[in-house]
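# Working through the structure, step by step
Next come the chains, spelled out residue by residue.
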Amino acid sequence: MSRIGKMPIAVPAGVTVDIAENNKVTVKGPKGELSRNLAPEMEIKMDGDVITVSRPNDLKRNRALHGLTRTLLNNMIIGVTEGYKKTLEVNGVGYRASKQGKKLVLNLGYSHPVEMEDPEGLETTVEDNKIIVAGIDKEKVGQYAAEIRSTRAPEPYKGKGIKYDYEVIRRKVGKTGKK
């Protein structure tokens, strides 16, 4: 039995969850509204302020979807109440990040600045050498942070590039001169 799938989801005050046919779930909260089509095989029941997810049988697909469906629902509820945030660090001599309206401008040693438009529903802020991506959809926040990181991923010799704040870059020793 799925240990994650069995756990009930508590719906906090100020959040409304609407479950339509074919498991189209809409969650409204203080930070905004999210909707998603979840697996139609799963049974999503709301009893008062608690949501439970159950599966019809123990087929491999249903076992896989059980925990996923519960986690996606929980992430939507956390998103509309607290929101999600990812922090990236820009390391390197001359590497800079700045904001111009809704554009994130990155100077990363290329011959041109890299300009990235903030996707709808996400907001980026720049403080010193840190880029903060915030929004209510966990998937979009993670995807946009990964796209920013991929413009200049950190390299192992000098550690230059864009990395997550929690990421540790394993350093390598450079070449040694001939004697």
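Scroll up to find the structure this text is about.
A short tour of the structure in this document, coming up. (Residues numbered from 1 in each chain as written. Predicted model: local features only at pLDDT ≥ 70, side-chain atom pairs only at ≥ 80, totals over all residues. Heavy atoms only, no water.)

## Observations regarding the overall build of the chain
Along its length, the chain carries 3 helices and 13 strands. For 179 residues, the compact-globule formula gives about 16 Å, and the C-alpha radius of gyration of the chain, at 21 Å, lies well above that figure. Reported as C-alpha extents along the three principal axes, the dimensions of the chain are approximately 70 × 45 × 25 Å. The buried share of the chain, taken over its 179 residues, is 37%. Relative to all contacts within the chain whose residues are 6 or more apart in sequence, the contacts with residues 24 or more apart total 50%. Surface accessibility of the chain: about 11200 Å² in total, with carbon and sulfur atoms responsible for 50%. Positive and negative charge centroids in the chain, built from 32 and 23 side chains respectively, lie 12 Å apart. (Helix = DSSP H or I, 4+ residues; strand = E, 2+ residues; numbered from the N terminus. Rg over C-alpha atoms; globule rule 2.2 N^0.38 Å. Buried < 20%, exposed > 50% of the residue type's maximum accessible area, 1.4 Å probe, protein only. Contact = heavy atoms within 4.5 Å. Areas by Shrake-Rupley, 256 points an atom, 1.4 Å probe, with all protein chains shown as cover. Lys, Arg positive; Asp, Glu negative; His and termini not counted. Charge placed at Lys NZ, Arg CZ, Asp CG, Glu CD.)

## Overview of the layout of surface pockets
Each pocket or cavity is described by its volume, and for the largest pocket that value is around 150 Å³. Residue assignment for the lining of the largest pocket shows that the elements contributing at least two residues are strand S4 (32-37), helix H2 (60-81) and helix H3 (138-150). (1 Å grid on protein atoms, 1.4 Å probe; cavity = no way out; pocket = protein on both sides within 12 Å on 5 of 7 lines; lining within 4 Å. Points joined across faces, edges and corners; volume = space filled by probe spheres on them.)

## What about H3?
For an α-helix, 3.6 residues make a turn, and residues three or four places apart therefore share a direction. Between its first and last C-alpha atoms H3 spans 18 Å; for 13 residues at 1.5 Å apiece the expected length is 18 Å, and the two agree. Listed as buried for H3 are Val141, Gly142, Tyr144, Ala145 and Ile148. The buried residues of H3 occupy an angular sector of 165 degrees when the element is viewed end-on, so they sit on one face. Exposed residues pointing more than 90 degrees away from the buried face of H3 are listed as Glu139 and Ser150. Buried residues along H3 sit in contact with strand S7 (84-91), strand S9 (103-107), strand S10 (114-117), strand S11 (122-127), strand S12 (130-135) and strand S13 (161-164). For H3, the side-chain oxygen to backbone nitrogen distance between the N-cap and glutamate 139 is 3.2 Å, and the N-cap itself is aspartate 137. (Expected span 1.5 Å × (residues − 1). Arc of directions from axis to C-beta. Polar contact = N/O pair within 3.5 Å; in protein donor to acceptor, adjacent residues only side chain to side chain.)

## Overview of the pattern of salt bridges
For side chains bearing opposite charge, pairing can occur when the charged atoms are close. If you walk through the whole model with that rule in mind, you get 9 salt bridges. Residue glutamate 43 pairs with lysine 45 through a salt bridge whose shortest N-O separation is 3.5 Å. Lysine 45 gets classed as partly exposed once you look at its relative accessible area, which sits at 42%. Salt bridges sharing common partners tie together Glu89, Lys130 and Lys163. (Salt bridge = Lys/Arg side-chain N within 4 Å of Asp/Glu carboxyl O.)

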